[in-house]
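Summary of structural features
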Amino acid sequence: MTSTLKGITLKGSAELVAEFFSFGINSILYQRGIYPPETFSRVTQYDMSLQLTTDTKLKNYLANVVSQLKEWLFDCTVQKLVLVITCLETNEVLERWQFDIACDKTAKESSAPRDKSIKSIQEEIRSVIRQITASVTFLPLLETACSFDLLVYTDKDLEVPDKWEESGPQIIDQSEVVRLRSFTTSIHKVNSMVAYKRSDF
Amino acid sequence: MDIDDDTTVFATLKSFKNFISLPDASLNQGEPAPAQSNPLQRQYRQRIELLEAAEKVQSKTQQIHEDQEKRQMAMSHKRARIELEKVASLSARDLEREVDRNQELLGRIRRLEEREVESSKSLSEQVEANRALRRTQETLNLRIMERDAKLNASYQTVSILKDEIRELKQQIQSKQNIIANQTLATQGLQEQMELQQRKYQEVSQRCQDLQSASSTCSDHELKIKDLERKLALQEQDVVIVKNIKSEVAKVPEMEKALRQLREENIYLRETRENVTLLKEETEGLRRKVERMEKLKEEMVTMELEKEKISQKLQAWENLGQSTGLDIQKPEDLSREVIKIQQREIALKQQNYTLTSGCRSVERSKADLQGELLVQRSKALEEQKKRETQESLVRRLQKRVLLLTKERDGMRSILESYDSELSTNDYTPQLTRRLREAEDVLSKTQNHNAEMEVQLTKAQEEVGALKLQVQTMELDLESLKKQQASVAEGNPLVTTEEINTLRLKIEELEAERQRLEEQNNVLELRLERHDLEGDYDPVKTKVLHLGQNPTSMAKKQRLEEVEALREEVQCLREHLRSLQTGGAVPAAVGDLGVTVNLPPSQEILDLRKQIESAELKNQRLKEVFQKKIQEFRTVCYVLTGYQIDITTQNQYRLTSLYAEHMDDSLLFKHMSRVPSSITHARTHVVSCNQYHN
């Protein structure tokens, strides 16, 4: 519905941001080689071709997380989404993709749509995803078998839903942080950054 | 072919014979003439003929060879033809088969085409049917939509009505509840009413009883009071009687006490008189003591005064020595004092004059400073005026320059246009361009003028501000000077305060800077931590799904590791069992892990080989033992000597015919010379002979 209307509502903004996360996480998993490339299929989104996983378990997991995220984005109770990549042999955190979400809470009170075109938002999202793809050049190679986890930073008083549990922040000690571009829907602003473990030479 | 060969041979023979006969004929013809001449010529001719015959024979043989070759070629040709015919027949058969197949395939193709046609027909029919169905479906959908809309409307009305019904029911229920509550309340109240009526009756009965009882009580009370009065009177009488009795008993004692008291009275009077006398004496003594103390104090003060006066006297007497003046009498002192006073007066007068001069000077100074300020402000104003004028001049000069440049430019343009006008005919465009250029020029000039106006305003403001600043500075300086002059009057206190205040200010500023730096550092750290993912646990918490890929991967890894460990343990046990030499162990079925290593063929072969080798060894040993035993017994029996090996290189020789059983000869093998044992020199080491 947001594609036909000109304005952005809170619900539409939540959907856009959740969609971005879904595609962004898939591209990160593809670029970093967490899952073999033959398990991904090409898909067109934001006027560019992106990779989506075809593994059913992974799809279910991502769908669960993204749907819950959408609810929390609508309630403006989510502060960050973090994708943590851990090495399975040493149980060390090697990379941390952090997306800070700043929500304009006045949109909750007034239901009037905001004036921002979908195209400009999509262009911003496109540049962020391109930057994620380009980040492969400076990130260190992941040579060992790795797995990923998605962490969500929420308000303290939020009710924890079923199947969700509290966890630690899984911070990398001695990390290098690189800030990537950000995009805003005029209701939600998403800042992206990647932190990776300093490789000792 | 042989026949042909024969025929050719015969043919050649015939030809040869013919040929030979011909030369004879030719020879016979030519004979009579040259026959006499030469037998050599005949031989020569014969040889030549022979050669020619040989050549012919050769050519014929060649022909025969060629014929043979031809026949061979023909044969091969025939064979090839036969083969070709065979191949042709085969290919013809194949062709026939393929033709049949082709026909079959063509038939199939025709059938399939027919089927295709039929299926296309059926497809088209079905498509048409589909279309018809879709149309009907659409119509049905439209009807359904209409019905749905109607249904929705009806549902809505139904829901509205239901809501109304519910509300009405609720109202009814509430009213019924109210009515029920009210009936209950009325019932309760009625019951209470009845209860209270009963209570009222009971109470009224009790009241009546009480009244009767109270009346009786009051009568009784009256009686009791009368009796009590009587009792009290009687008691009083009793008490009076007792008192009188006791008093009567006390009378003699009282008389005794009376006497004692009178005696004491007398004694006390006497003592009282003594006491008064003594008091008077003490008072007199006290006064004396006080007088004495006063006298003592006066004595002490007098002595002190005396000493002071004596000191003063001495000082006055020594004055002359201490001051250095010719003072021997107090008159001289007074004279000196008068002199000093006069000097003092003079000095004071000077002081007054000096202070008045100072004040006048200060006044003049203040006036001068005021004038200075005014003059400085005037000078500044004049400076500013000059600067403004200079800037104006510069601007005007610039304007002039610009104008001249513009004029030159315009002139050049005009000249170029004029020059162009003579050759080309572009007047309207040129005029247009001219006008546009003029418009642009005017706009720029207006813009320039506006900017210059703004500039002047700004500069005036700046000048005014500077004036203000300078006046303020001058005031500040004057204030400082006043403060300094004031501070000179109270130098100590104010400077100290100022210094302390300055120190405090410096310290505070330093602290402020330090705190600012700390703040910046902390903010940077906070930002860094925020980037790294740190959070405030009071406000945020971190959530993740329990069934996430990392935990699943870790579980899988653990399971794999455990499975591998179990496999390793089983393999180790298997190895141990194998190393101990047991048979192939049975499958270890613990935990569902079957380690069923089939014994490899190599191991079985090797085992078999080992067993066979061992068997062979054993047999050889047995055989060798038997044989050697036999040989030794035979040697002993035949030669009569038995050779035993005692230790290395030592041999014992026992004879069959020895006198004693234990007689023997010991030999030792000394291998100094590398030679066989048979040639070695044996030394007799010892000859044991045992005697009984």
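Residues numbered from 1 in each chain as written. Chains lettered and ligands numbered in written order. Predicted model: local features only at pLDDT ≥ 70, side-chain atom pairs only at ≥ 80, totals over all residues. Heavy atoms only, no water.

Here's the deal with the overall build of chain A
Helix and strand content of chain A: four helices and 10 strands. Across chain A, helices and strands are ordered from the amino to the carboxyl terminus as β-α-β-β-α-β-β-α-β-α-β-β-β-β. Counting only residues that meet the buried cut, chain A has 49% of its 201 residues in that class. Of the contacts made within chain A by residues no fewer than 6 positions apart, 71% connect residues no fewer than 24 positions apart. As presented, chain A carries roughly 10100 Å² of accessible surface, and 49% of it is formed by carbon and sulfur atoms. (Helix = DSSP H or I, 4+ residues; strand = E, 2+ residues; numbered from the N terminus. Buried < 20%, exposed > 50% of the residue type's maximum accessible area, 1.4 Å probe, protein only. Contact = heavy atoms within 4.5 Å. Areas by Shrake-Rupley, 256 points an atom, 1.4 Å probe, with all protein chains shown as cover.)

Describing the interface of chain A and chain B
With 39 residues of chain A at the interface, the matching set in chain B holds 25 residues. Summed over both partners, the interface of chain A with chain B comes to about 3000 Å²; 56% of that surface belongs to carbon and sulfur atoms. Considering only the side of chain A, the residues that lose the most area to chain B are Leu88, Lys156 and Glu165 of chain A, jointly responsible for 18% of the buried surface there. Joining chain A to chain B, the criterion identifies two salt bridges. Linking Asp530 of chain B and Lys80 of chain A is a salt bridge whose minimum nitrogen-to-oxygen distance equals 2.8 Å. Across the chain A-chain B interface, the total number found is 20 residue pairs in polar contact (both at pLDDT 80 or more). (Buried area = accessible area lost by both parts, 1.4 Å probe. Salt bridge = Lys/Arg side-chain N within 4 Å of Asp/Glu carboxyl O. Polar contact = N/O pair within 3.5 Å; in protein donor to acceptor, adjacent residues only side chain to side chain.)

Topic: a negative patch on the surface
On the surface, Glu113, Glu114, Glu116 and Glu118 of chain B cluster together into a negatively charged patch. Structurally, Glu114 of chain B is set in helix H2 (residues 39-323). (Patch = residues over 30% accessible without salt bridge, like charges linked within 9 Å, V, L, I, M, F, W, Y side chains within 5 Å. Lys, Arg positive; Asp, Glu negative; His and termini not counted. Charge placed at Lys NZ, Arg CZ, Asp CG, Glu CD.)

A look at the state of the cysteines
Residue and element names in this part refer to chain A. Using the criterion set out here, one finds one disulfide over all chains in the structure. The disulfide partner of Cys76 is Cys103, and the S-S distance across this bridge is 2.2 Å. Here the residue Cys76 occupies a position in the loop between helix H2 (56-75) and strand S4 (78-87), and Cys103 occupies one in strand S5 (residues 93-103), the gap between them amounting to 27 residues. Sulfur of Cys146: no disulfide; nearest cysteine sulfur belongs to Cys87 and is 5.4 Å away. Judged by relative accessible area, Cys146 falls into the buried class, the value being 12%. (Disulfide = S-S within 2.5 Å.)

Things to note about helix H4 (residues 118-134) of chain A
Since one α-helical turn is 3.6 residues long, residues separated by three or four positions face the same way. Residues and elements named next belong to chain A. With 17 residues, H4 extends 24 Å between its outermost C-alpha atoms, agreeing within 8% with the 24 Å of an ideal straight helix rising 1.5 Å per residue. Among the residues of H4, those classed as buried are Ile118, Ile121, Ile125, Arg126, Val128, Ile129 and Ile132. Considered in projection along H4, the buried side chains sweep an arc of 165 degrees and stay on one side of the axis. In H4, the exposed residues that point more than 90 degrees away from the buried face are Lys119 and Glu123. Turning to H4, the residues buried within the fold contact strand S1 (7-8), helix H1 (10-31), strand S3 (48-53), S5, strand S9 (175-184) and strand S10 (188-197). (Expected span 1.5 Å × (residues − 1). Arc of directions from axis to C-beta.)

Quick word on the pairing of S4 of chain A
All names here are of chain A. Where burial is concerned, most of S4 is hidden: nine out of the 10 residues are buried. In the sheet, S4 pairs with strand S7 (residues 146-155) via nine bridges, with the strands oriented antiparallel. The partner of Val84 across the bridge, within S7, is Asp149. Summarising the sheet, S4 and S5 pair through seven bridges and their orientation is antiparallel. Residue Ile85 lies in a different strand from S5, and its bridge partner there is Glu95. Hairpin connection from S4 to S5: five residues lie between these consecutive antiparallel strands, with Asn91 at a positive phi of about 55 degrees. (Pairing = 2+ DSSP bridges.)

Let's talk about the nonpolar core
Within the largest apolar cluster, 59 residues are counted, with the highest numbers of intra-cluster contacts made by Phe20, Phe21, Trp97, Phe148 and Leu150 of chain A. One finds Val93, Tyr153, Ile172 and Ala195 of chain A within the second-largest nonpolar core, a separate group that totals 11 residues. (Core = buried A, V, L, I, M, F, W, Y, C linked by side-chain atoms within 4.5 Å.)

Here we look at H1 of chain A
Residues and elements named next belong to chain A. Counted at 1.5 Å a residue, the expected span for H1 with its 22 residues is 32 Å, and the 31 Å between its end C-alpha atoms agrees. In terms of burial, H1 is largely enclosed, as 16 of its 22 residues are buried. Note on H1: the residue one or two positions beyond its end, Gly33, has a positive phi of about 70 degrees.

Some words on the confidence of the model for chain B
Residue and element names in this part refer to chain B. Mean pLDDT over chain B works out to 86, with 88% of the residues at or above the 70 mark. Confidence drops under pLDDT 50 across residues 29-33; counting only partners more than four residues distant or on other chains, this segment forms one contact. Within the model, the stretch residues 584-596 combines pLDDT values under 50 with 15 contacts to residues more than four positions away or in other chains. Among the prediction metrics, the complex's ipTM stands at 0.89, with pTM recorded as 0.38. (pLDDT = per-residue confidence, 0-100.)

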